[in-house]
Amino acid sequence: MKKIQRALISVYDKSGLLEIANALSERGIEILSTGGTAQHLRDAGMHIVDVSDYTGFPEVLSGRVKTLHPKIHAGILADWDKPEHRAQTELHGVQSIELVICNLYPFEQTVATPDCTRDAAIENIDIGGPTMIRAAAKNYRHIAVLTAVSDYPRIISELAANDSCLSDKTRFELAKAAFAHTAHYDNAISTYLNGCASDAESEAFGDVMTLPFKKANALRYGENPHQRAAFYRTQTAPGPCAAWANQLSGAQLSFNNLLDLEAALEIVRDFRQPACTLIKHNNPCGLAIADNLQDAFTKALECDTVSAFGSVVGFNRKVTIQTANTLRAAANSGVKIDAIIAPGYTEKALRALSRVKRRPILETGTLQGTKPGLQIRNLNGGVLLQEPDLHEINADALNVVTKRHPTDTEIASSLFAWQACKHVTSNCILLAHGTQTVGIGAGQMSRVDAAIIAVRKAGEKAKDAVLASDAYFPFPDGVAIAGEAGIRAIIQPGGSVNDEAVIENADAYGMAMMFTGFRHFKH
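Residues numbered from 1 in each chain as written. Predicted model: local features only at pLDDT ≥ 70, side-chain atom pairs only at ≥ 80, totals over all residues. Heavy atoms only, no water.

Q: It is not clear to me how the layout of surface pockets should be interpreted in this structure. Could you clarify?
A: By rolling a water-sized probe across the atoms, one finds the places where empty space is left. Each pocket or cavity is described by its volume, and for the second largest pocket that value is around 980 Å³. Surrounding the second largest pocket, 33 residues form its lining, Thr147, Ala148, His181, Lys214 and Gln235 being those nearest its centre. Those elements that provide at least two residues to the lining of the second largest pocket are α6 (107-112), α10 (168-194) and β6 (214-219). A total of 8 residues in the lining of the second largest pocket trace back to one element, the largest contributor, which is α10. Across the lining of the second largest pocket, the residue classes break down as 15 nonpolar, 9 polar and 9 charged. (1 Å grid on protein atoms, 1.4 Å probe; cavity = no way out; pocket = protein on both sides within 12 Å on 5 of 7 lines; lining within 4 Å. Points joined across faces, edges and corners; volume = space filled by probe spheres on them. Helix = DSSP H or I, 4+ residues; strand = E, 2+ residues; numbered from the N terminus. Nonpolar A, V, L, I, M, F, W, Y, C, P; charged D, E, K, R; others polar.)

Q: Sorry, what's going on with the confidence of the model for the chain here?
A: Regions with low pLDDT carry predicted coordinates that are not meant to be interpreted in detail. Mean pLDDT for the chain: 89, with 97% of residues reaching 70 or above. Every residue in residues 198-202 scores below 50 in pLDDT, and together they form 2 contacts with partners more than four places removed in sequence or on other chains. (pLDDT = per-residue confidence, 0-100. Contact = heavy atoms within 4.5 Å.)

Q: Just checking my understanding: could you explain the pattern of salt bridges for this structure?
A: Where side chains of opposite charge bring their charged atoms close, a pairing between them can arise. In total, this model carries 15 salt bridges according to the counting rule given. Between Asp304 and Lys457 there is a salt bridge; the shortest N-O distance is 2.8 Å. Taken together, the residues Asp304 in the loop between α12 (293-303) and β11 (311-315) and Lys457 in helix α16 (residues 447-458) connect sequence positions 153 residues apart. Across the pair Glu410 and Arg404 runs a salt bridge, and its minimum N-O distance is 2.8 Å. Each of Lys3, Arg27 and Asp163 takes part in a single network of salt bridges with overlapping partners. (Salt bridge = Lys/Arg side-chain N within 4 Å of Asp/Glu carboxyl O.)

Q: Even after reading the chapter, I still don't get the state of the cysteines, so can you show me in this structure?
A: Joining two cysteines, a disulfide is a covalent bond between their sulfur atoms. Per the stated rule, a full pass over the model turns up 0 disulfides. Distance from the sulfur of Cys276, which forms no disulfide, to the nearest cysteine sulfur (Cys285) is 9.7 Å. For Cys276, a relative accessible area of 0% puts it in the buried group. (Disulfide = S-S within 2.5 Å. Buried < 20%, exposed > 50% of the residue type's maximum accessible area, 1.4 Å probe, protein only.)

Q: In this structure, what is going on with a nonpolar patch on the surface? I would like to understand it.
A: Together, Met209, Leu211, Phe213, Tyr232, Ile376 and Val383 give the surface a local cluster of nonpolar side chains, amounting to about 500 Å² of exposed area. Overall, the relative accessible area of 35% leaves Met209 in the partly exposed class. (Patch = residues over 30% accessible without salt bridge, like charges linked within 9 Å, V, L, I, M, F, W, Y side chains within 5 Å. Areas by Shrake-Rupley, 256 points an atom, 1.4 Å probe, with all protein chains shown as cover.)

Q: What is the right way to look at the side chain of Arg359 in this model?
A: Looking at the secondary structure, you find Arg359 in the loop between α14 (347-353) and β13 (361-363). Buried and unpaired, Arg359 has no salt bridge, with Asp338 as the nearest side chain of opposite charge at 7.9 Å. (Lys, Arg positive; Asp, Glu negative; His and termini not counted.)

Q: Even after reading the chapter, I still don't get the environment of Ala242, so can you show me in this structure?
A: Examined against the element boundaries, Ala242 turns out to sit in the loop between β7 (229-233) and β8 (246-249). It is 18 Å that separates the C-alpha atoms of Ala242 and Pro212, two residues lying 30 residues apart in sequence. Sequence-distant contacts of Ala242, that is, excluding residues within four places in its chain, are made with Leu261, Glu262, Leu265, Ile341 and Leu362.

Q: I keep staring at the nonpolar core and nothing clicks. Help me out?
A: If you look at the biggest cluster of nonpolar residues, it comprises 44 residues, and the most contacted ones within it are Leu261, Phe271, Ile341 and Leu430. Residues in contact with Ile341, not counting those within four places in the same chain, are Ala242, Ala245, Leu261, Ala264, Leu265, Val313, Gly314, Phe315, Leu362 and Thr364. By size, the runner-up hydrophobic cluster in this structure holds 28 residues, among which are Leu32, Ile72, Met132 and Ala188. (Core = buried A, V, L, I, M, F, W, Y, C linked by side-chain atoms within 4.5 Å.)

Q: Just to check I follow, could you spell out the sheet that holds strand β4 (residues 99-102) for this structure?
A: Hydrogen bonds between backbone groups are what pair the strands of a sheet, and the pairing can be parallel or antiparallel. Judged by pairing direction, the sheet is parallel, and its 5 strands sit side by side in the order β3-β2-β1-β4-β5 without closing on themselves. The open sheet is flanked by β3 (49-50) and β5 (144-146), the only strands paired with a single partner. Both strand β1 (residues 6-10) and strand β2 (residues 30-33) contribute to a ladder of 4 bridges, which runs parallel. The residue of β2 that forms the bridge with Leu8 is Leu32. (Pairing = 2+ DSSP bridges.)

Q: How should I be thinking about the environment of Ala229 in this particular structure?
A: One can find Ala229 in strand β7. Considering only alpha carbons, one finds Ala229 and Phe255, 26 residues apart in sequence, at a separation of 7.4 Å. Contact partners of Ala229, with chain neighbours within four places excluded, come to Ala218, Leu219, Tyr221, Gly222 and Phe255.

Q: Before we go on, may I ask you to explain the packing of aromatic side chains in this structure?
A: Two measures describe an aromatic ring pair: the distance that separates the ring centres and the angle between the ring planes. Applying the stated rule across the entire model yields 3 aromatic pairs. Ring centres 5.2 Å apart and planes at 50 degrees place the aromatic pair Tyr140 and Phe172 in the tilted group. Of the two residues, Tyr140 sits in the loop between α8 (128-138) and β5 while Phe172 sits in helix α10, which places them 32 residues apart along the sequence. Considering the side-chain rings of Phe271 and Phe416, the 5.8 Å spacing of their centres and the 45 degrees angle between planes classify their relative orientation as tilted. (Phe/Tyr/Trp six-rings, centres within 6.5 Å; stacked < 30°, edge-to-face > 60°.)

Here you go:
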């Protein structure tokens with residue numbers, strides 16, 4: 001192991017900086033530094049050698065050139081086992097650097113701000129930092145490179161335990177982390193620039209896509225106990241989402257928990273009014289909007305109290321003690337709730353809900369005005385990337401194709417059902433009264449089977465309900481199921497070669513039917 005005698009520190013994120021710098025200084029390790037980092041350390045009373053004093057060349061170009069100098073990079077890249085390298089460094093007055101501590105300008109945070117200009121984004125592209133990091137990582141046999149603040153404590157401990165040395169294994173692990181760090185950084189820049197309009201019309205999807213994710217934690221198992229699994233996520237939060245939600249209480253999340261929490265959040269995000277959904281196996285077994293969350297939960301639960309056992313509950317507003325008490329009352333009546341996700345919780349609500357010690361409770365921050373990002377699906381050897389389904393329709397755009405016209409109440413309920421059905425696995429048939437689901441048939445191979453299931457689950461509530469079908473009816477049989485159950489209105493895309501027969505069947509049952517002109521498949 002090689003003893004560290006000199007460290008170069010240049011960081012944007014100064015978290016933990018004084019602790020590690022003090023640890024180095026106490027061990028007699030000389031510290032080279034630049035700009036704001038050097039000033040921060042000097043303000044703390046530490047002795048620092050400024051990089052410009054060492055190189056004999058000042059910072060220039062508004063700080064764009066600081067560490068880009070042969071005396072710095074020769075000190076980082078020298079192979080000290082080679083006599084010719086030693087001779088050349090001695091000839092040119094190059095001193096060895098055994099440790100580089102560096103993190104980069106916050107490019108992703110900069111471009112995430114709504115008022116960020118392209119000029120501001122480009123000015124936040126770090127050049128000297130990635131160059132130093134890559135050079136040090138390449139030469140890891142002779143130098144250690146530290147890019148993560150979270151690694152500071154263990155490096156301090158190892159230096160103390162090994163007389164200012166770091167093991168070969170540690171240097172190699174740090175090098176791998178460093179290359180991952182710069183790869184993620186370059187990908188963030190590339191992604192941003194590919195999304196900027198140019199003189200020609202910009203492409204919706206670039207020719208190359210890289211997906212840098214960082215391991216958040218290992219999972220006990222995957223969908224089943226015999227499957228190994230882990231949870232990876234982006235290095236920074238893209239906005240309110242299940243992957244970056246703050247867990248306030250409960251046991252560690254499982255693979256299936258994460259999938260269902262994601263589904264719950266994306267459903268309720270889609271509604272402007274207070275909304276609640278209960279998720280089982282990535283599908284809603286109930287969904288409702290109301291004037292307040294407790295009523296929305298009660299109505300969503302009423303859709304299918306049997307399937308709601310062991311469900312994940314999602315809300316799109318802060319949970320109050322009134323809503324928490326409504327959930328607790330449901331639990332006391334036998335409804336088991338496995339996890340809860342919401343923008344936030346009042347102190348009393350969180351205290352009440354946390355009494356179930358193992359139940360995960362997650363907080364995302366406000367959802368209002370936010371939209372989901374691009375959707376990625378994995379294939380063996382590839383991925384599919386698409387925009388989220390954000391297409392909406394209003395009453396004026398509906399095409400009434402039956403003799404009977406829907407009432408205003410039926411139109412309003414149909415629009416709710418149409419918005420809700422896009423979150424249910426295809427083939428989907430969804431029944432609603434007002435803004436409350438009463439029966440959902442999800443993920444069936446035939447649309448008529450989905451209709452049968454939805455009607456069966458609704459029971460007597462199917463009478464006078466509205467029906468939403470995520471794609472067209474290929475045959476009249478599904479409409480007949482609805483008519484026999486007493487359903488009053490149907491909203492569907494239309495476009496089947498059998499549309500005429502489907503409409504005739506709706507007329508025979510005295511139903512109103514509306515075409516939207518687009519579908520809501522979810523595979």
